[in-house]
Amino acid sequence: MLASVMAGAIIAPSFVGSAAAETGSEATSAPSATVSLAGRWSGKRHGYGRSEAESDCSNGCALTYDFVACKDGWCGIAVKDDKTCGAIGVRLAANSAVTNGGGTYKGQLMLAKDTAPYSVEAWYSSDEGAAKLHFLGDTGPELRIMRRSFPFEAELARTGDATCTLEKATS
C-alpha cells in the first residue's frame, strides 16, 4: 500500500509535466521573473522513492550547486567538497508549456564526466519559508519514468548566495 502511494506521488506529477511539455516547443527563455534560482542549493540525491536509504551511498549522495542566470535559463555550477567551483553540472530552462509565471523547469544534469546525462524536470517550492528545488530525472534524451535506466531524484534546499560564477566554472 505504502509503495503504491509513494509511486503515485512520484509518477503522477511527472506524467503531468511530461505530457504537457511534449505538446509545447522547447523552452529556451530567460529566467522567470517570478522565481529566481540564483544562489547556492544543496541536498542529497537518490533513486525514486528511496529518500531514506542512507546506506545506498556515502559522500556521493551530497550535491551542491551555485545557480546563476545563463543564456537559456539557469546554470548550476558544481561546488566541490573543498568549496571550489567545478564545471557546469545543471542546465535548466523554464518549462513554458506548464508554467504560468515560473517555478517549473526542464533540462539536463551531468553528475560525472564521461557519464550519460540525466534529463530532468525540476520544480521550485517554498514550504514554510524554506526554498526547495525538486528534481526528477532519468538517463536518456527525455524523462520517461517507465523504462529501464538509472533513475534520479533529489531535493535541494537554498543554503545561501552563490559564490561561483560562469567565469569561475572549470568548463
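Each value, and the rule that gives it
Residues numbered from 1 in each chain as written. Predicted model: local features only at pLDDT ≥ 70, side-chain atom pairs only at ≥ 80, totals over all residues. Heavy atoms only, no water. Pairing = 2+ DSSP bridges. Helix = DSSP H or I, 4+ residues; strand = E, 2+ residues; numbered from the N terminus. Phe/Tyr/Trp six-rings, centres within 6.5 Å; stacked < 30°, edge-to-face > 60°. Buried < 20%, exposed > 50% of the residue type's maximum accessible area, 1.4 Å probe, protein only. Disulfide = S-S within 2.5 Å. pLDDT = per-residue confidence, 0-100. Contact = heavy atoms within 4.5 Å. Core = buried A, V, L, I, M, F, W, Y, C linked by side-chain atoms within 4.5 Å. Salt bridge = Lys/Arg side-chain N within 4 Å of Asp/Glu carboxyl O. Polar contact = N/O pair within 3.5 Å; in protein donor to acceptor, adjacent residues only side chain to side chain.

## Thoughts on the pairing of strand β5 (residues 104-109)
The side chains of a regular strand alternate between the sheet's two faces.
Line of reasoning, step 1. Pairing of strand β4 (residues 85-94) with β5 involves five bridges; the strand directions are antiparallel. Note on β5: the bridge partner recorded for leucine 92 is glycine 107.
Line of reasoning, step 2. With six bridges joining them, β5 and strand β6 (residues 118-127) adopt antiparallel strand pairing. Looking at β6, one finds that leucine 109 is bridged to tyrosine 118.

## Here we look at the packing of aromatic side chains
Line of reasoning, step 1. One pass over the full model with this rule turns up three aromatic pairs.
Line of reasoning, step 2. Taking 6.4 Å as the distance between ring centres and 80° as the angle between the ring planes, the aromatic pair formed by tryptophan 41 and tyrosine 124 counts as edge-to-face. With tryptophan 41 in strand β1 (residues 39-46) and tyrosine 124 in strand β6, the pair connects residues that are 83 residues apart, well separated along the chain.
Line of reasoning, step 3. We classify tryptophan 41 as buried; its relative accessible area is 0%.
Line of reasoning, step 4. The class of tyrosine 124 is partly exposed, set by a relative accessible area of 28%.

## Here we look at the state of the cysteines
Line of reasoning, step 1. Scanning the entire structure with this criterion turns up two disulfides.
Line of reasoning, step 2. Two residues, cysteine 70 and cysteine 75, share a disulfide whose sulfurs are 2.1 Å apart. Across the S-S bond linking cysteine 70 and cysteine 75, the dihedral sits near 90°, which makes this disulfide right-handed.
Line of reasoning, step 3. Here cysteine 70 falls in the buried class, since its relative accessible area comes to 16%.

## Focus on the confidence of the model for the protein
Line of reasoning, step 1. Residues of the protein with pLDDT of at least 70 account for 61%, and the chain-wide mean is 73.
Line of reasoning, step 2. Averaged pLDDT values over the elements of the protein bottom out at 38 in helix α1 (residues 2-23) and peak at 95 in strand β3 (residues 73-79).
Line of reasoning, step 3. Taken as a whole, residues 1-33 scores under 50 in pLDDT and shows 43 contacts with residues more than four places along the chain or in a different chain.

## Focus on the nonpolar core
Taken as a class, soluble globular proteins show a tendency for nonpolar side chains to be buried jointly.
Line of reasoning, step 1. The biggest cluster of nonpolar side chains holds 20 residues, and the ones touching the most others in it are Leu37, Phe67, Leu92, Phe135 and Phe152.
Line of reasoning, step 2. Elements with a contribution of two residues or more to this core: β2 (62-70), β4, β5, β6, β7 (130-139) and β8 (151-160).
Line of reasoning, step 3. In this structure leucine 92 touches Leu37, Phe67, Asp72, Gly73, Trp74, Tyr105, Lys106, Gly107, Val120, Ala122 and Phe135, once residues within four positions along its chain are discounted.

## A look at the pattern of salt bridges
Line of reasoning, step 1. Tallying each qualifying case throughout the model produces three salt bridges.
Line of reasoning, step 2. Note that aspartate 66 is salt-bridged to arginine 40, the shortest N-O span being 2.6 Å. A residue pair is termed long-range when its members are at least 10 positions apart, and aspartate 66 in strand β2 and arginine 40 in strand β1 qualify at 26 residues.
Line of reasoning, step 3. Given the relative accessible area of 15%, arginine 40 is considered buried.
Line of reasoning, step 4. Linking lysine 132 and glutamate 155 is a salt bridge whose minimum nitrogen-to-oxygen distance equals 3.6 Å. Placement of lysine 132 in strand β7 and of glutamate 155 in strand β8 is noted, with a sequence separation of 23 residues between them.

## Remarks on the side chain of aspartate 66
Line of reasoning, step 1. According to the relative accessible area criterion, aspartate 66 is buried, its value standing at 0%.
Line of reasoning, step 2. Of the polar contacts made by the side chain of aspartate 66, one reaches the side chain of arginine 40; its length is 2.6 Å.

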